[in-house]
Amino acid sequence: MKAVKFTLSGKNAFFKKPEVNTYYYFTFGQIHKVALLGMFGAILGYDGYAQKKWTKIKKGQSIVKEYPEFYEKLNKLHISIVPQNERGYIPKKVQLFNNSVGYGEQGGNLIVKEQWLENPKWDIYVLIDCDKAEKLADSLKQKRCVYMPYLGKNDHPADIKNVQIVELEETTCQ
């Protein structure tokens, strides 16, 4: 079995947790599969949440689950995420910044506090067992992407290095 392996890192990352605190927004401690699939979708040029045409379901109709294009096309990829920070722990730090687009009280500044991961680093393996995985491996090797990949928010650019094709062996636990 073959897989594409690469090192994913950045200066900071923010993978927003759905829990809301009155003081600041929390981040997950590691990158998760959906965030990784979103990054792969950006590399390959698939639509994301912002491009999705959401429709309102009227009362009495059956609910049809629809997902963004990147998830529908890439959710079957076999992925392994290996943290490279010391002991697998990525330090976190709270960052404060102003958002002056008018969402604050009376049109003033909104002070945003977010918990960011500092210097995250992972080795990512993607099993090459389908056309989508081959296309992704080719794009990574050639350093081509349609949209810029980032770590949770576009404030945190992703650094992709050491792309290589590796041979995997199946093992069993005894």
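Scoring rules and cut-offs
- Residues numbered from 1 in each chain as written.
- Predicted model: local features only at pLDDT ≥ 70, side-chain atom pairs only at ≥ 80, totals over all residues.
- Heavy atoms only, no water.
- Helix = DSSP H or I, 4+ residues; strand = E, 2+ residues; numbered from the N terminus.
- Expected span 1.5 Å × (residues − 1).
- Buried < 20%, exposed > 50% of the residue type's maximum accessible area, 1.4 Å probe, protein only.
- Arc of directions from axis to C-beta.
- Contact = heavy atoms within 4.5 Å.

Asks: What am I meant to see in helix α3 (residues 131–142) here?
Replies: Along an α-helix, residues three or four apart share an orientation, since each turn contains 3.6 residues. Between its terminal C-alpha atoms α3 stretches 16 Å, which fits the 16 Å expected from twelve residues at 1.5 Å a residue. Within the sequence span of α3, burial applies to A133, L136, A137, S139 and L140. Mapping the buried residues of α3 onto a view down its axis gives an arc of 165 degrees, with all of them on the same face.

Asks: In this structure, what is going on with helix α1 (residues 33–44)? I would like to understand it.
Replies: The end-to-end C-alpha distance of α1, which contains twelve residues, comes to 16 Å, matching closely the 16 Å that a straight helix rising 1.5 Å per residue would cover. Burial analysis of α1 places nine of its twelve residues in the buried class, the great majority of the element. Regarding α1, the residues found buried are A35, L36, L37, M39, F40, G41, A42, I43 and L44. Buried residues in α1 make contact with β1 (2–9), α2 (69–74), β5 (79–83), β8 (121–127), α3 and β9 (159–167). One or two positions beyond α1, positive phi appears at G45, with a value near 90 degrees.

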